[in-house]
Amino acid sequence: MNAVWPHLPILQVVVPLIGAVLAGFLRRAGPAFAVALAVSWLMPLIAGAMLWQVLASGPISYHIGSWPPPWGIEYRVDVLGGFMLLLVSTVGAVIMPFARRSVAFEVEDGQQAWFYCMYLLCLTGLLGIVTTGDAFNAFVFLEVSSLSTYVLVALGRDRRALLAAFQYLIMGTIGATFYIIGVGLLYLLTGSLNMADIAARLGPEWAGHSRAIVAALAFITVGVSLKLALFPLHAWLPNAYAYAPSWVTAFLSATATKVAIYLLVRFFFSIFGVAIDFRELPVTDIVIALSIAAMFVASVIAVFQTDLKRMLAYSSVAQIGYITLGIGLANQAGLTGGLVHIVNHALMKAALFLAAGAIFFRIGTVRLSDLAGIGRKMPLTMTAFTVACFGLVGTPGTSGFISKWFLVLGALDKGWWVPVFLIVGSSLIALVYVGRVLEVVWLREPSAAIANASDPPLSMLLPLVVLAAATIYFGLDTQWTAGIAGTAVKNLLGGLR
Amino acid sequence: MPTLAIVTDHYHYAITIFLMMAGLYIVVARGNMVKKLVGLSIFQTSVYLLYVEPGKIIGGTAPIIDPSFTVYSNPLPHVLMLTAIVVGMATLALGLALVVRINEAYGTIEEDEIFERDRET
Amino acid sequence: MTAALSNENLAVMTVLTPFAGALLIPLFRRSPNLRETVTLVTAGTLCLLTIGLLGPVLDGARPEMQILRVVPGLDLAFKVEPLGMLFALVAASLWVVNSIYSIGYMRANDEPRQTTFYVCFAVALGSTIGIAFAKNLFTLFLFYEALTLSTYPLVTHKRNEEAVRAGRLYLLLLLGTSLLLLLPAIIATWAIAGTLDFTPGGILAGKAGVPVIAVLLALYVFGIGKAAVMPLHFWLPAAMVAPTPVSALLHAVAVVKAGVFTVVKVAVFVFGVDNLSSLGQSAWLTAVAGTTVIAASIVALRQDNLKRRLAYSTISQLSYVVLGVAILAPISLTGAAMHIAAHAFSKITLFFAAGSIYTAAHLTEVSQLDGIGRRMPWTMAAFTIGALGMIGIPPTAGFLGKWFILTGAMQTANWLAVSVIIVSTLLNAGYFLPIVFRAFFREPPDDGHGPAHGEAPWPMVLALTTTAAGSMLMFFLPGIPYALATLMMGR
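Residues numbered from 1 in each chain as written. Chains lettered and ligands numbered in written order. Predicted model: local features only at pLDDT ≥ 70, side-chain atom pairs only at ≥ 80, totals over all residues. Heavy atoms only, no water.

Participant: Mind showing me how you'd approach the environment of glycine 272 of chain C here?
Facilitator: All names here are of chain C. Topologically, glycine 272 is positioned in the loop between α9 (244–271) and α10 (273–278). Overall, glycine 272 belongs to the buried group, its relative accessible area being 1%. The spacing of glycine 272 and leucine 328 is 56 residues in sequence and 9.6 Å in space, taken between C-alpha atoms. If sequence neighbours within four positions are ignored, glycine 272 has contacts with Gly201, Gly202 and Ala267. (Helix = DSSP H or I, 4+ residues; strand = E, 2+ residues; numbered from the N terminus. Buried < 20%, exposed > 50% of the residue type's maximum accessible area, 1.4 Å probe, protein only. Contact = heavy atoms within 4.5 Å.)

Here is the structure:
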């Protein structure tokens, strides 16, 4: 154990990578799934061990090939990183059992092994982005995860999945290229790619170069915002989420956008925030304005959707607005709210998309009009769905309430009353779109077409129920969410100028 | 005179930015998916220039330590761009693969025709 | 038993009992008799537990218990204080009666989905007790929303287009106001006061000036949609599509009383009465409550549908409680608390009677009730007592609450409130007495094939006579409610 212990950061990336290669070579769906499951269940242990270590004794710095930073690539895990690693790997672990049947149903036989291979690659990339302390390395991992994501989206049965994947590829690549341009500008300014080193070198003495810094900030913000689907750069998301295989949608909604948000937080608070007081720039104001626009516009669009997955996708755009609002508020309560919402939204949206997957598994459609009365045919699935819906609205007793609580406190901290009402007002629109579905699902008579539907098998039901239960649990006990997020925020804000 | 100096000192940036904008414009303006990918590649290529150009130090030599040289070019950007090229190539390959599949599924690679066909069904 | 069961545990058990019942009921869904037994046993247990708490509370005990800490400072905690005790006592005792009534009503009308009905009912009651015993605003808010959500399936019980539409309005108005107005008010209270615990004297006292307090008070009064202060009252008439037992216990007692209870609680323990009156918040609140009292009464006059008339009467009576708060005199607050109890008994009697008429004669409109008193003497006698309670005529408990509120209004020379009470009493008489008159003194319509109906099933008659008797009993023996209502101001 002692031999492994210091190498946890690199294992976090290497294990899924080897798993991906293995799954690719196995070629058959069953063994590939077994590999994916084993890797997925191992990852939270590694992440948990690292978070525990970080909370006990401060950030972990791991030097690849023993080259000390800033020359070598440094893997750095602090509280925020550990928190995100645990989230991503836990979501993967919890929803993995769901994949077997769902993927077998939605993806062609010959492609299933590749599916698991791509998932593991994607996991490698996502965990890598969070682990690495090197801006360029983050780009590489960003593209590893993105490229595998495009493939995963394209594996959907509907031919529109191909188009969605292509559009996502174009948008995603533009985003990544913007990001790398920004990193390039920073590199030109400082001669370093290590995030901590960049922050240290961009000191007050670089005030004269503020224009280049601002340009870098702008490029990185736009690039990462494309990846995280900040309104109005979200155009790729609804199609990708709607046509990707159900399980992929659940995984992506819970992890991919969230990791991009992590990257934004990292750049804002660990690099630009340390180097220059970016709060003097209009960046936060722009982020806040776009976040609020996302909360409203996307929610309203969600109200008019006729397809459950599309509706949930637009809801994701709106909910991402809550998170970025927390980033824009940039104070203790606000940012805590944003980070907490990363976890809370990940869990409830995964539950919702899994429920959509379970419905698709049983009746082969997720059009709202076909879902009449399905609550009585799939009671457990739809109960879990309903709980997660309450989470979206933010009723007290669910995790969504906790996020909102902190966000509103953050806005009140600044004495902003208008955003307070906008935050609670937008959750009212959430109530409308969620209520529309729940009404159809519970109050209508079941049609003949769904007469034979029933709750899915246990391997699909259990992840769903666990996630829904987590939505309630984290609404009542926030030690693991708000507690750790609060610590992470304290560290982030403590380093700001 | 200073204007001229700015031009001579920074013309490579102008080339980079021109490529960047041209690539991005093609991506946005063209409906043909292959052309979009071409634009995307140009856009990415401009980034290679952005990184590599400043790495060259005038009068510098390859970074092999030798007592007779004191000024070296920076090798790191080249290494970085090697990675970026790999990433770009993978993106292009995947994009083209998707275009092939789209062509099989829709019988066209023009975006507006595809939208039309989706609307029909 | 007593040694092991401290008051604290007793309080927690009281809150948990209905939820436990809700978990048990579905297990017996195949056997209606057993299922109903579970409901009755749960209701009985709850009633006994609350009575068990009554003694200690009257003796000055204030059992409290923290269940868990959600965020530092944000606790799920209970504390039994006199006002909550009064509310819990009313809800728990009426649930027993209502359960008997429900069984009669649901079976006689052959309603579908009865298991869901009883489960939701139990959850709603549990939430009500949670509201009553909440130690802080967060706990109260939690159960407040739970109450809304658990009553939604009851409102939409019929599942037809009308019920679904009513359900939409219900959810949107109740959840909407609470999320849009109440929640910001709570969070702002937290930001200003640094605590959400209900504290005698008020946690906001001396912490904020007039404009902030006025805004917050408005957010609370309108945010507590369950209190049905105009113009946020539309959900209540809409909710009348629910089966009558739901209208009776939930939309005459539990839900709406949870609303006004919260208003009283917030006024006394968050703002502090002295604080509010020194900041001159009485006038506008009196005006808002007074308008609701009068306007709702006038609307009630024009309703032909019996349940809708009762609903508007409820809106008007609820604002009496708000009025009692607005007067900001200790005695009027006592009156407000008394009125919560008194109106509960009278209004549930009226709804029971309406449901009983619907079950036995299938009549829903006031104009159809000519001579019905001869066929259903028990029902209409009880209805009359309930109506007297609404108007506030002795010997009914309704008189007491009104009396105290009126006294308070006179003491503080709040002539607007005095005139509102007088005018509304006349209006109350104007829309209730004609029904009584019709029922007893008009000839039944002679259409040849008049339905030869008699009384409703015995469980229903039993229930409605019990509550009518209770309403009179409270007039003659007001000791317990009065004691609790006066105790609430202290400590």
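Participant: Explanation requested: the interface of chain C and chain A in the structure shown.
Facilitator: Often, the extent of an interface is quoted as the loss of accessible area upon association of its parts. Listed per partner, the contact involves 33 residues of chain C and 32 residues of chain A. With both chains or domains summed, chain C and chain A bury close to 2,700 Å², and 80% of this area falls on carbon and sulfur atoms. Here arginine 168 of chain C makes a salt bridge to glutamate 439 of chain A, at a shortest N to O gap of 2.7 Å. Those elements that place two or more of their residues in the side of chain C that touches chain A are β1 (64–71), α5 (137–155) and α6 (161–193) of chain C. In terms of residue count, the dominant contributor to the side of chain C that touches chain A is α6 of chain C (17 residues). (Buried area = accessible area lost by both parts, 1.4 Å probe. Salt bridge = Lys/Arg side-chain N within 4 Å of Asp/Glu carboxyl O.)

Participant: Before we go on, may I ask you to explain unusual backbone geometry in this structure?
Facilitator: A negative phi holds for most residues other than glycine; trans holds for most peptide bonds. Between proline 69 of chain A and proline 70 of chain A the backbone carries a cis peptide bond, its omega angle lying at 5 degrees. Take proline 70 of chain A: it is sitting in the loop between β1 (60–63) and β2 (74–77). Within the chain, serine 66 of chain A stands out as a residue other than glycine whose phi angle is a positive 60 degrees. Residue placement: serine 66 of chain A occurs in the loop between β1 and β2. Assessed through its relative accessible area of 65%, serine 66 of chain A is described here as exposed. Non-glycine residue arginine 113 of chain C carries a positive phi angle of around 50 degrees. Tracing the chain through its elements places arginine 113 of chain C in the loop between α3 (82–108) and α4 (114–133). The exposure class assigned to arginine 113 of chain C is partly exposed, which follows from its relative accessible area of 24%.

Participant: What is the right way to look at helix α8 (residues 210–228) of chain A in this model?
Facilitator: Think of an α-helix as turning once every 3.6 residues; residues three or four places apart then point the same way. All names here are of chain A. Its 19 residues place the ends of α8 26 Å apart at the C-alpha level, agreeing with the 27 Å of an ideal helix rising 1.5 Å per residue. The complete set of buried residues in α8 reads Ile213, Ala216, Leu217, Ile220, Thr221, Gly223, Val224, Ser225, Leu226, Lys227 and Leu228. Contact partners of the buried residues in α8: α5 (135–154), α6 (160–190), α9 (236–243), α10 (246–275), α11 (283–303) and α12 (308–329). Positive phi shows up at alanine 229, right after α8, with a value of about 65 degrees. (Expected span 1.5 Å × (residues − 1).)

Participant: Please explain the environment of glycine 167 of chain C as it appears in this structure.
Facilitator: Residues and elements named next belong to chain C. Within the fold, glycine 167 resides in helix α6. Relative accessible area serves as the criterion here: at 0%, glycine 167 is assigned to the buried category. In the structure, glycine 167 is positioned 16 residues away from threonine 151 in sequence and 9.5 Å away in space, judged by C-alpha atoms. Filtering out sequence-adjacent residues up to four positions away, glycine 167 remains in contact with Tyr152, Val155 and Thr156.

Participant: Can you help me understand the interface of chain B and chain A in this one?
Facilitator: Contacts between the two partners involve 38 residues from chain B, matched on the other side by 29 residues from chain A. Interface area, chain B with chain A, both sides summed: about 2,900 Å², of which 81% is carbon and sulfur. When the area that chain B buries against chain A is broken down by residue, the three leading residues are Tyr51, Leu94 and Leu98 of chain B, summing to 19%. Here chain B is connected to chain A by one salt bridge. Viewed at the interface, chain A and chain B are joined by four residue pairs in polar contact (both at pLDDT 80 or more). Of all elements in the fold, only α1 (2–29), α2 (33–55), α3 (76–106) and α4 (111–120) of chain B reach the threshold of two or more residues within the side of chain B that touches chain A. (Polar contact = N/O pair within 3.5 Å; in protein donor to acceptor, adjacent residues only side chain to side chain.)

Participant: I would appreciate a short explanation of the arrangement of the chains in the present structure.
Facilitator: Where the two pairs of chains in contact are concerned, the greatest contact count is recorded for chains A and B. The smallest C-alpha distance separating chain B from chain C is 32 Å, and no contact links them.

Participant: Teacher, can you tell me more about the domain arrangement of chain C here?
Facilitator: All names here are of chain C. For chain C, the assigned domains are domain 1 (1–264) and domain 2 (281–491). Here the C-alpha centroids of domain 1 and domain 2 sit 22 Å apart. If you look at the interface, domain 1 gives 54 residues, while domain 2 gives 49 residues. Summed over both sides, the interface between domain 1 and domain 2 buries roughly 4,400 Å², with carbon and sulfur atoms accounting for 81% of that surface. Run the count over domain 1 and domain 2 and you get zero salt bridges. Between domain 1 and domain 2 we count seven residue pairs in polar contact (both at pLDDT 80 or more) in total. Taken together, the elements giving at least two residues each to the side of domain 1 that touches domain 2 come down to α2 (32–58), α3, α7 (210–223), α8 (235–238) and α9. Per element, the largest residue contribution to the side of domain 1 that touches domain 2 is 16 residues, and it comes from α3. Among the residues forming the side of domain 1 that touches domain 2, the class breakdown is 42 nonpolar, nine polar and three charged. (Domains from an automatic or database assignment. Nonpolar A, V, L, I, M, F, W, Y, C, P; charged D, E, K, R; others polar.)

Participant: Before we go on, may I ask you to explain the side chain of threonine 336 of chain A in this structure?
Facilitator: Residue and element names in this part refer to chain A. Following the sequence through the fold, threonine 336 ends up in helix α13 (residues 332–363). The buried category is assigned to threonine 336, whose relative accessible area is 3%. Within polar-contact distance, the side chain of threonine 336 engages the backbone oxygen of glutamine 332 at 2.5 Å. Aside from chain neighbours lying at most four places away, what touches threonine 336 is Asn331, Phe406, Ala482, Ala485, Gly486 and Val489.

Participant: So what exactly am I meant to see when it comes to the side chain of lysine 404 of chain A here?
Facilitator: Residue position: lysine 404 of chain A is located in helix α16 (residues 399–413). The side chain of lysine 404 of chain A is buried and forms no salt bridge, while glutamate 145 of chain C, the nearest opposite charge, is found at 7.5 Å. The residues touching lysine 404 of chain A, leaving out its near neighbours within four places in the chain, are Val393, Gly394, Ile423 and Ser427 of chain A together with Leu179 and Leu183 of chain C. (Lys, Arg positive; Asp, Glu negative; His and termini not counted.)

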